[in-house]
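# Analysis of the macromolecular model
Below are the chains, spelled out letter by letter.
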Amino acid sequence: MPGTHTTAPASQLPADEEYFYSVLNLPKTASDHEIRERYRQLSIVFHPDKQTDERRKEAATERFLEVQKAYEVLSDPVTRRAYDILGSEGLLLVQSADFRHLAEEDFEQELRRQQRELLRQRVDQAVHPRGNLTLGLDASPIFDYEYEAEDGSQLSRWQNLQAALGDVRRDTFGVRHRVQTQFRDKTWLTLSSRLTMGSRPNSRQGSYIKPLLMGTVKHQFSPRIDFEATTNLLAVSGVSLKGTYRAADYTLTCQTGLHPAVLLQPFTHRKGDAFLLPAGTVSLARQLFPKSPMQGVLEIGMTAIGPKISAAVTSAAFHDSLDIGELRDDEPSEPSAFRAPSVSGLAFYTSEWQFGFDLAGPASGLNGRYGLSFHELGVHLQTVMRLGLAELMWLFGGEWRGNNAAVGANVSASTGGVTLRVDATYFGQTLTLPIVLSREHNNSLAFWTVVLPSTALALVYYFRVRPRRRKQRIQFLHDARRQLREEKSELLRQWKETVSLLQDTAQRHMRAEETCDGLVILEARYGPSEQEEGTEGLEVDVTVPVQALVNSSQLYIPGKRSKAGIPGFYDPVAGVPKALRIRYKFRGRMHYAEIPDYMPVVLPLKDHLVE
C-alpha cells in the first residue's frame, strides 16, 4: 500500500534527492510507463541468477536490489511525490502517517508540516528545551479598595470597578529556560536561566531585576546510585550536592550545600567566632507494607533557621468502575493496555493522598493533599491544605493535559490573601499568570473564585464533553461490529467449527440432565455487560459450549480470568466489560444468571430462581 513501504533509516538513504532517478537513468519528468519499462530492462540485466561468477553475482545482487528499491519508491504515487519534494526524508515521513486520502493541493502542506514536527522532535530529544514566561498581575484593588469621589461621597459599584481597573498593575515578570543534553554515556548536563523583574511591596522603593544562570551535572554511577552537582554560573555562591540511592523498597537521598564561606573557615576562622555548618538534608522514602502502595517519607535537615524534621505518609490507588478485569491479590494495579472509551470518561481514575507534618520552629505545621486523575479525560484535580502555627492555607486546582498541551488553574487562600494562578503549556513552553485577587484574608472571594469556574466547566462537561464521548463509544462499537463481520471472518469460521465439534457432547449432556430433571441450559450468551446503543450483534451464542461443560447437574467455571478462552467462546469486542447471561432449568423451574466476565460461574444457585 502507498505510504506503508519499509524504508531504510534516513541516515542510510542517499543524500542526493534524485539518486533513484539516476539508478534508473531517467529524468524526474519520466512517466509511469517509462519507469516500469526501465525497471524491467535493468532487472533482467542485473538479475543474480544470470551470473555464474561469485564476484559478479555479488555485484549484480547489489545493483539488482538498488534497482528494485528505486522502482519501489518511484512506482508508487505517494512515495514518489514525497521523494520529489523532500528526498529521502520524505520517504521517512510517509511511514508516520497515511497520505493516501489527501488531496493533491494538501499533500505538500501536510508533508512539510510532518517535517517540521520531526525536526521539533529531534531538537526535543537532543536538548529537551523547556521555557516558562511568568506575568504576575496585582488585581487586589478590585476587591480590596473602596474608592471615594472628590467630595468624599461613595462611588457606585460600576464607578468603583472602573477606578480599580485603572490601578491593576503588573508586579512581576519572569522568563525561565532550560536545556538538557547527554554528553556522555551516563552523564547529563542541564543549563537553566532565569530573569525576574518586579516591584517591591512599597513601590517607592523601586523595582528589582534578578538574573540567574544555573548549571547542573548529573551522573548515573549505577542503576541504583546517581549524583548531581548544581552551581550558580553568574556568582560565587557555592555548590549544591545531591546523591540518591534507590533500593527495591526504599530510596535514600542526601543533599547539602557547600558555600565558599564554609570552605574557607579553616583559614579565616578567628577565636570566638561561630563555626558555620553546611546546610544539609537526609530523606528516606520507604514502602511501609508489602503488596501495598503506601509509602512513608522521613526528612531530617539543617536549614538557615535551624533544624527541620518532616514526616509524611502517601498512597495511590487505581480504580476501574467498568470491571474489565479482576486483579489477583499479588498483581499490581495498573492501567489496562487497551480499553474502549467510556461515556462518562470517569470510569478509570487514580486517587492519591498525603498527610504529614513539619517541625521547623515558627514554620512548623500539618499538611495534607488529595488528588484525582481521570485518565480518559486527561484531567487532574487536587486540593492541598496546610495548618501552620500562624495561619491556615488551602489550595484547590485542576489541570487538563493532552499530548503536547496542558491548561491548568488553581486558587490558594491564606491570611496573606487570595491568589489565582493560570498555566498554559504547549510543546514544553509554559505561560504562567499568577493573579493576586486580594492581599487580605477573604474566604468568600476564594470560595466564589473556585465555585464559578468549576460550575462553568461542569456544564461544559455535561453538555459538550459527555455527548461527544457517547458518540465516540457508539462509533467504537460500530467499528467493532464491522471488524467482526469483515476482518475476523476466520475467527467466526473457527468458532462455528468448534461449536459443531461440541454439539454431540452438549446433546448427550442435555439428554442426561433432562432424564434426571437436572441442569439444562436453555440459552447462554456472552457479550458486553451493558446493553446499550451500539452493542447489537456483539453477543456470542454459547449455549452449546456451556451445556457441554455441565457435569452431574453442576456447572463450574473458575474466575479471575476472561471466559473468552473457553472452547466455543471468543471476544466479540476488546476493551469492553463483558458478562455471561444464562437461562437454565433446574428441577423443572426457570433460573436466570448474569455473571461478570472475571467472576466464577457456579450453577445452580437458589438466587438465580425466577419467580
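Calculation rules
Residues numbered from 1 in each chain as written. Predicted model: local features only at pLDDT ≥ 70, side-chain atom pairs only at ≥ 80, totals over all residues. Heavy atoms only, no water. Pairing = 2+ DSSP bridges. Helix = DSSP H or I, 4+ residues; strand = E, 2+ residues; numbered from the N terminus. Salt bridge = Lys/Arg side-chain N within 4 Å of Asp/Glu carboxyl O. Buried < 20%, exposed > 50% of the residue type's maximum accessible area, 1.4 Å probe, protein only. Axes fitted to C-alpha atoms, helices over the stretch in contact; angles between N-to-C directions. Parallel < 35°, antiparallel > 145°, perpendicular 65-115°, else oblique. Left-handed = near helix turned anticlockwise from the far one by under 90°. Contact = heavy atoms within 4.5 Å. Nonpolar A, V, L, I, M, F, W, Y, C, P; charged D, E, K, R; others polar. Expected span 1.5 Å × (residues − 1). Arc of directions from axis to C-beta. Patch = residues over 30% accessible without salt bridge, like charges linked within 9 Å, V, L, I, M, F, W, Y side chains within 5 Å. Areas by Shrake-Rupley, 256 points an atom, 1.4 Å probe, with all protein chains shown as cover. Lys, Arg positive; Asp, Glu negative; His and termini not counted. Charge placed at Lys NZ, Arg CZ, Asp CG, Glu CD. Core = buried A, V, L, I, M, F, W, Y, C linked by side-chain atoms within 4.5 Å. Polar contact = N/O pair within 3.5 Å; in protein donor to acceptor, adjacent residues only side chain to side chain. pLDDT = per-residue confidence, 0-100.

### What to know about the pairing of strand 2 (residues 169-184)
Across nine bridges, strand 1 (residues 130-138) lies against strand 2 in antiparallel orientation. Counterpart to L137 in the pairing with strand 2 is R170. Summarising the sheet, strand 2 and strand 3 (residues 187-199) pair through 12 bridges and their orientation is antiparallel. Note on strand 3: the bridge partner recorded for Q180 is T190.

### Points about the pattern of salt bridges
Pairs can form between side chains of opposite charge whenever their charged atoms are close. Across all of its chains, the model carries 25 salt bridges by this definition. As a salt-bridge pair, R80 and D32 come within 3.4 Å of each other at their nearest N and O atoms. Here R80, found in helix 4 (residues 77-86), pairs with D32, found in helix 2 (residues 32-45); they are 48 residues apart in sequence, far enough to count as distant. The partly exposed category is assigned to D32, whose relative accessible area is 47%.

### Digging into the packing of helix 4 against helix 6 (residues 104-127)
Close contact between helix 4 and helix 6 brings their axes to 11 Å; oriented N to C, the two are set at 60°. With respect to their mutual orientation, helix 4 and helix 6 come out oblique. The interaxial crossing formed by helix 4 with helix 6 has right-handed handedness. In this structure, helix 4 uses V78, R81, A82, I85 and L86 to contact helix 6, whose residues at the interface are E104, F107, E108, L111, R112 and Q115. By residue class, the composition of the contact of helix 4 with helix 6 is six nonpolar, one polar and four charged.

### Let's talk about helix 2
Its 14 residues place the ends of helix 2 20 Å apart at the C-alpha level, agreeing with the 20 Å of an ideal helix rising 1.5 Å per residue. The set of residues buried in helix 2 consists of I35, Y39, L42 and S43. Along the axis of helix 2, the buried positions cluster into a sector of 105°, meaning they face one direction only. Tucked into the core, helix 2 has its buried residues touching helix 1 (19-24), helix 3 (54-74) and helix 4.

### Some points on the sheet that holds strand 19 (residues 540-541)
The strands making up a sheet are joined through hydrogen bonds of the backbone, oriented either antiparallel or parallel. If you trace the four strands from one edge of the open sheet to the other, you get 19-18-21-22, paired in antiparallel fashion. Each edge of the sheet is formed by a strand with only one pairing partner; in this case those strands are strand 19 and strand 22 (589-596). Where strand 21 (residues 578-586) meets strand 22, eight bridges bridge the pair, whose relative direction is antiparallel. Within the sheet, the bridge partner assigned to I582 lies in strand 22 and is A593. Here helix 12 (residues 489-515) sits on the sheet in contact with strand 18 (520-528) and strand 19, set at roughly 145° to strand 18.

### Considering the packing of helix 3 against helix 4
It is at 6 Å that the axes of helix 3 and helix 4 come closest, and there the two elements cross at 100°. The orientation of helix 3 with respect to helix 4, classified from their angle, is roughly perpendicular. Contacts between helix 3 and helix 4 involve E72, V73 and L74 from the first element and T79, R80 and Y83 from the second. Partitioning the contact of helix 3 with helix 4 into residue classes produces three nonpolar, one polar and two charged.

### Quick word on the pairing of strand 9 (residues 295-303)
Examined bridge by bridge, strand 8 (residues 280-287) and strand 9 share eight bridges and lie antiparallel to one another. Residue A285 lies in a different strand from strand 9, and its bridge partner there is V297. Where strand 9 and strand 10 (residues 306-320) come together, nine bridges link them in antiparallel fashion. Bridge pairing links I300 to I309 in strand 10. Here strand 9 folds back onto strand 10, and the loop between the two strands holds two residues.

### Digging into a negative patch on the surface
Judged by side-chain charge, D53, E54, E58 and E62 come together as a negatively charged surface patch. Of note, E62 is situated in helix 3. Judged by its relative accessible area of 58%, E62 falls in the exposed class.

### Examining the nonpolar core
Counting 35 residues, the largest nonpolar core has I521, L555, I582 and L603 as its most contacted members. Elements that contribute at least two residues to this core include exactly helix 11 (443-486), helix 12, strand 18, helix 13 (543-549), strand 20 (555-557), strand 21, strand 22 and strand 23 (601-603). Residues Y21, I35, L42 and Y83 belong to the second largest nonpolar core, which totals 15 residues.

### A closer look at the side chain of H591
For H591, the position within the fold is in strand 22. Using a relative accessible area of 6% as the deciding quantity, one classes H591 as buried. Of the polar contacts made by the side chain of H591, one reaches the backbone oxygen of R589; its length is 2.9 Å. Residues in contact with H591, not counting those within four places in the same chain, are I582, R583, Y584, F586, L605, H608, L609 and V610.

### Describing unusual backbone geometry
For the bond running from L603 to P604, omega is 0°, close enough to zero to count as cis. Note that P604 resides in the segment after strand 23. Despite not being glycine, K560 has its phi angle at roughly 65°, a positive value. With respect to the secondary-structure elements, K560 resides in the loop between strand 20 and strand 21. Even without being glycine, R587 reaches a positive phi, approximately 55°. Along the chain, the position of R587 falls in the loop between strand 21 and strand 22.

### Topic: the environment of Y208
Along the chain, the position of Y208 falls in strand 4 (residues 207-220). Judged by its relative accessible area of 18%, Y208 falls in the buried class. C-alpha of Y208 to C-alpha of T172: the two residues are 36 residues apart in sequence and 9.6 Å apart in space.

### Focus on the confidence of the model for the protein
Looking at the protein, the pLDDT average stands at 86 and 91% of residues meet or exceed 70. Mean pLDDT values for the elements of the protein range from 62 in helix 10 (residues 265-268) up to 96 in strand 12 (residues 365-374). Note that residues 1-11 has pLDDT below 50 and, in this model, 24 contacts with residues that lie over four places away or in other chains. Overall, residues 325-337 carries pLDDT values under 50, and its contacts beyond four positions in sequence, including any with other chains, amount to 14 contacts.

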